[in-house]
Amino acid sequence: MNEFLLILLVIGAVYFTRRIQALERRVRKLEPLPAPAPAPQPKPEAAPAPRPTRAPAPAPAPAPRPVGPSRTPSFDWGRTVSAADLLGAKALAFAGGVVTLLGVVFFFVLAVNRGWIGPELRVACGGIASALVFAGGMWLHRRYGRTYSALSAVGVGIAGGYATLLAAVSLYELISKPAALVAAGAIASVGVAVSLAWSEEIVAGFGLIGAMAVPATLVFQGGLQQIGTAFVAIVFAGAAVVAVRKRWWKLLQAAALVSVPQALAQIAQASPPHAGIVALALAFWLLYLAAGLAFQLRLGTALASAPASFLTGGAVFGAVSAALLFAGADEGVALLVVAATYAALTAALFLRARELALLLGALSLAAAAVGVAQLLSGSSVTYAWAAEAALLAWLTRRVRDSRFQIPALAYLAFALGHALAFEASPVNFFTDVRQPAKGAPALAVIALAALVFALVQRSWERVAPKGILRTLEPLLAWLERRERAVDAAAYTIAVATGGYAASLYMLELLGFQNGHVVVTCVWAAAGLAAAAARWRIAFAWLAAVAAKAVFFDIASLTHTRYGISLVVVGAAVLAAALLARAVVAIPFSLPLVLAGTLVLVPGHDGLVLIGVGVLYTALAAVTFRLRELATLLWVLGLTVAACGEALALEGVWLVLAYSATAAALAVIAKSVGERRLQAASLVYLVVAALVTLVGETPPSHLVMPIAHPGDGLASLVLLLAASATFAWSLDWSERFKIAATWAAGALGVYGASLAILEAAQLLSPEDVHTNFQRGQTMVSAFWGVLALVFLYAGLRRRRPLLRGGGFVLFAVSLGKIFLFDLASLSSAQRALSFLAVGAVLLLGGFFYQRLSAQFDAR
């Protein structure tokens, strides 16, 4: 049955070949014959003058272009497949080639499975079949020209020869491996020669790509063999030569897609690795590298995307092969060999093809980074990456190519990330460990590399690249526009990593508790120095230091230690705000200073608040010319001082403090002409009045019978003096001054009334209630007399305000006797109050009438 199928397969191939030949002959007969060339026309003479009565003759129609025999189109990998392709000669030729190649392969498989013939005869049959197909293709090409069938047959013959050779050496061991490699090279040479001579991609596709796929088809007969993979490498070399020579990118891409899986599979199954498999992996990697370089150089100096991606894939193949073959330090050495190779090519091609050299340099740096990470351990990786960053930064200036700064930044970022993740982790900084400064040297090296990067020049006038590296132009332009910002960032990294390393050494030398206090103080001093130097990052840094003091020091350190941290950080923020005139930062310093001082001086909260308030107020006096800054300082200082006075003092002493402060602020405000201080004086007066009228001399003393209604008169007198001083300072507004004066007068009347009640209690031998009633009678009389005096003075001096004040006091007096005296006093005291007020009212009416008549007469 199997023999019958094989015979049918051969008959079918012959039949389809003949049918294709017949179709091609018919097509040639249908093509039009070439038209005879037109006879040469005589050279035109000078045209005579045109005759107006005769129209010019029409121009002769152009002769038809000669149509010759059309050349059969070559195979195109990227052409869109149409219905004509699926139903024409190309489809038949392509299908016939694939089927024939599979027939040769299946023949070997079938012969092995059934044991029909011996190994020697099997190989002989395969070789004869491949030779016949190849010879048939050559005959068809010679006899009928470049037909698809001829091209496919030649390619299939080459691939079949590879299959036969592979079976002979791999399955049956009829040929030694060196001899087989020589034979494979000879077959590859034939495929390359035919592909180049005919310039047909279909020959290379069947003959070379098909040959590379043969070892994969024999995998089920015993697995991948190293010799088969070596055949793939040889055939890939031939395919690469053809693809580079003819610029057939699709062919090179297909060759890589077929060869890479087989090579990686062969490398992966080699355990442990030996010299043969290492040499095979090295051969594949060098072939990919050479093919990518040759293709790019064939296209020109401008780096194209296709060879760039091929070179990148080759580097990835080398890295993956190293990872599959080796482990640990051996893998690192292998990757460093790869990196050295790319670096050597970079140096060799830098002047000829700079863009290609830059790509190779980038691949070299990437391989070196991974290799160093594998070869070294701990801080050594950070040292190596930081050194590479500094070297690339120097190289940027040496070769005057700004593109080297991109990998320099990448290496610097890698080194910093590795150091913070492993050698000098912030977790170790905030945890009490045995050797916190173990990673400090790595940080110092990173700081040095960042400093080198910031110091070197990295931007010049450059010619825009034409190849794939033009994608870097936006990034390079962005870096060039922000060169100063990049330098500032590099300096910042240098200072930050250096400071972090110094902080770790402090923890190492001073211990965890004391070390963190010193670190906080040093960091705060650094922020203050940055503010003095007008660096924008100063307040951001001070904010970070304040966050450390608040969230870490308070939670981890003892009371005294974190109190020192808070005070130092708060003082640094305050001083930095004063130096930079940053008004916004001043309020943030106050809670830090207050909290730290209260922790350091326990049990004296009032005095602490007063001291801090005096400090801020004194700073306001020093910076008085800076109005906004000084205003914020004295507002904060006076507020804190007022709270401290309320905690430290009470009673008349508190009123004395508030009143004295209000009076002093009023005097200073008038002296320097600063009205904002008068607002502060008014606030102090209001607070002092509340303390006095609520706590010391409440209105209940005036209407309730108590033994000593004038106990708080001293506070009232102090408040009255401060109010008078405040009214005196309001010389810039007559209206406000009068209002303040009347308010002071009202306090004076209130104080005098309490004094009358106190005198009644002290001078009269009667009981408290009786003395209270007598005192109320005298108060009513006092208010009436005072109203009469105001009325008389207003009439004599023609002051309407005094006259109005007199009438107001008369109204108040009347209200008192009717609303309070009538209901609360005895009959005798009530009568005396009414008589006294009535007499004063009569006198007031008399004076008003007399003085008003005199004014009218004048």
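Our structure is the block above this text.
Residues numbered from 1 in each chain as written. Predicted model: local features only at pLDDT ≥ 70, side-chain atom pairs only at ≥ 80, totals over all residues. Heavy atoms only, no water.

Visitor: Explain the packing of helix 9 (residues 249-268) against helix 10 (residues 275-299) to me, please; I cannot follow it from the model alone.
Guide: Helices that pack against each other are described as a pair by the angle of their axes relative to one another and the distance between those axes. Here helix 9 crosses helix 10 at 165°, and the two axes come no closer than 11 Å. On the basis of the axis angle, helix 9 is roughly antiparallel to helix 10. Helix-helix and strand crossings are classified by hand; for helix 9 and helix 10 the assignment is left-handed. Across the interface between the two elements, Trp 249, Leu 252, Ser 259, Val 260, Ala 263, Gln 266 and Ile 267 from helix 9 touch Ile 277, Leu 280, Ala 281, Phe 284, Tyr 288, Ala 291 and Phe 295 from helix 10. Grouping the constituent residues of the contact of helix 9 with helix 10 by class yields 12 nonpolar, two polar and no charged. (Axes fitted to C-alpha atoms, helices over the stretch in contact; angles between N-to-C directions. Helix = DSSP H or I, 4+ residues; strand = E, 2+ residues; numbered from the N terminus. Parallel < 35°, antiparallel > 145°, perpendicular 65-115°, else oblique. Left-handed = near helix turned anticlockwise from the far one by under 90°. Contact = heavy atoms within 4.5 Å. Nonpolar A, V, L, I, M, F, W, Y, C, P; charged D, E, K, R; others polar.)

Visitor: Whenever I open this one, a nonpolar patch on the surface confuses me. Can you help?
Guide: Where nonpolar side chains cluster on the molecular surface, the patch consists of Leu 448, Leu 451, Leu 455 and Tyr 491 and spans about 370 Å² of accessible area. Ranked by residue count, the leading element in the nonpolar patch is helix 17 (residues 440-455), at three residues. Topologically, Leu 448 is positioned in helix 17. Exposure remark for Leu 448: the relative accessible area of 53% places this residue in the exposed category. (Patch = residues over 30% accessible without salt bridge, like charges linked within 9 Å, V, L, I, M, F, W, Y side chains within 5 Å. Areas by Shrake-Rupley, 256 points an atom, 1.4 Å probe, with all protein chains shown as cover. Salt bridge = Lys/Arg side-chain N within 4 Å of Asp/Glu carboxyl O. Buried < 20%, exposed > 50% of the residue type's maximum accessible area, 1.4 Å probe, protein only.)

Visitor: Help me understand the side chain of Ser 565, please; the structure alone is not making it clear to me.
Guide: If you trace the backbone, Ser 565 turns up in helix 22 (residues 559-580). Leave out the neighbours within four places in its chain, and Ser 565 touches Val 517, Thr 520, Ala 549, Asp 553 and Leu 557.

Visitor: Sorry if this is basic, but what is going on with the pattern of salt bridges here?
Guide: Side chains that differ in charge, positive against negative, can pair when their charged atoms come close. Applying the stated rule across the entire model yields two salt bridges. A salt bridge links Glu 628 to Arg 676; its shortest N-O distance comes to 3.6 Å. Of this pair, Glu 628 sits in helix 25 (residues 627-648) while Arg 676 sits in helix 27 (residues 675-696), and the two are 48 residues apart along the sequence. Residue classification places Arg 676 among the partly exposed positions, given a relative accessible area of 25%.

Visitor: Would you take a moment to explain unusual backbone geometry for this structure?
Guide: Of note in the backbone geometry, Arg 534 takes a positive phi value of approximately 65° without being a glycine. Even without being glycine, Arg 581 reaches a positive phi, approximately 55°. Position of Arg 581 among the secondary structure elements: in the loop between helix 22 and helix 23 (586-600).

Visitor: Which parts of the structure should I look at to understand the environment of Ala 727?
Guide: Tracing the backbone through its elements, the reader meets Ala 727 in helix 29 (residues 713-729). For Ala 727 and Trp 742, which are 15 residues apart along the polypeptide, the C-alpha to C-alpha distance reads 9.2 Å. Aside from chain neighbours lying at most four places away, what touches Ala 727 is Lys 737, Ala 740 and Thr 741.

Visitor: Is there a simple way to explain the packing of helix 23 against helix 25 in this structure?
Guide: Running from N to C, helix 23 and helix 25 point in directions that differ by 30°, and their axes come no closer than 11 Å. Our classification of the angle between helix 23 and helix 25 gives roughly parallel. Like other packed secondary-structure pairs, helix 23 and helix 25 cross with a definite hand, here right-handed. Contacts from Ile 586, Pro 587, Leu 590 and Leu 594 of helix 23 reach helix 25 at Leu 629, Leu 632, Leu 633, Leu 636 and Val 640. A per-class count over the contact of helix 23 with helix 25 returns nine nonpolar, no polar and no charged.

Visitor: Honestly, the packing of aromatic side chains in this entry has me stumped. Any pointers?
Guide: Geometrically, a pair of aromatic rings is defined through the distance of the ring centres and the angle of the planes. Summed over the entire model, instances satisfying the criterion amount to 14 aromatic pairs. Considering the side-chain rings of Phe 236 and Tyr 288, the 5.0 Å spacing of their centres and the 80° angle between planes classify their relative orientation as edge-to-face. Taken as a pair, Phe 236 in helix 8 (residues 226-246) and Tyr 288 in helix 10 lie far apart in primary sequence, 52 residues in all. Classification of Phe 236 by relative accessible area gives buried; the value is 0%. (Phe/Tyr/Trp six-rings, centres within 6.5 Å; stacked < 30°, edge-to-face > 60°.)

Visitor: Which parts of the structure should I look at to understand the environment of Val 667?
Guide: Its place among the elements puts Val 667 in helix 26 (residues 652-672). Val 667 sits in the partly exposed class, given a relative accessible area of 37%. The spacing of Val 667 and Ser 729 is 62 residues in sequence and 6.6 Å in space, taken between C-alpha atoms. Discounting chain neighbours no more than four positions away, the residues touching Val 667 are Thr 725 and Trp 728.

Visitor: It is not clear to me how helix 12 (residues 329-349) should be interpreted in this structure. Could you clarify?
Guide: Each α-helix turn comprises 3.6 residues. Residues three or four places apart therefore point the same way. Taking 1.5 Å as the rise per residue, helix 12 with 21 residues should run 30 Å; its terminal C-alpha atoms sit 30 Å apart, in good agreement. Burial in helix 12 covers these residues: Glu 331, Gly 332, Ala 334, Leu 335, Val 338, Ala 339, Tyr 342, Thr 346 and Leu 349. Across the axial projection of helix 12, the buried residues extend over an arc of 165°, all falling on one side. Every exposed residue of helix 12 that faces more than 90 degrees away from the buried side is listed here: Asp 330, Ala 347 and Ala 348. (Expected span 1.5 Å × (residues − 1). Arc of directions from axis to C-beta.)

Visitor: What exactly am I supposed to notice about helix 20 (residues 512-532) here?
Guide: An ideal rise of 1.5 Å per residue puts 30 Å on 21 residues; helix 20 measures up with 30 Å between its terminal C-alpha atoms. Among the residues of helix 20, those classed as buried are Phe 512, Gly 515, His 516, Val 517, Val 519, Thr 520, Trp 523, Ala 524, Gly 527, Ala 530 and Ala 531. Positive backbone phi, at 65°, marks Arg 534, one or two positions downstream of helix 20.

Visitor: What should I look at first to understand the side chain of Glu 423 in this one?
Guide: Relative to the assigned elements, Glu 423 resides in helix 15 (residues 405-423). No salt bridge is formed by the buried Glu 423, whose closest oppositely charged neighbour, Lys 438, lies at an N-O distance of 9.2 Å. A distance of 3.2 Å separates polar atoms of two side chains, one belonging to Glu 423 and the other to His 418. (Lys, Arg positive; Asp, Glu negative; His and termini not counted. Polar contact = N/O pair within 3.5 Å; in protein donor to acceptor, adjacent residues only side chain to side chain.)

Shape descriptors only; they carry no functional weight alone.
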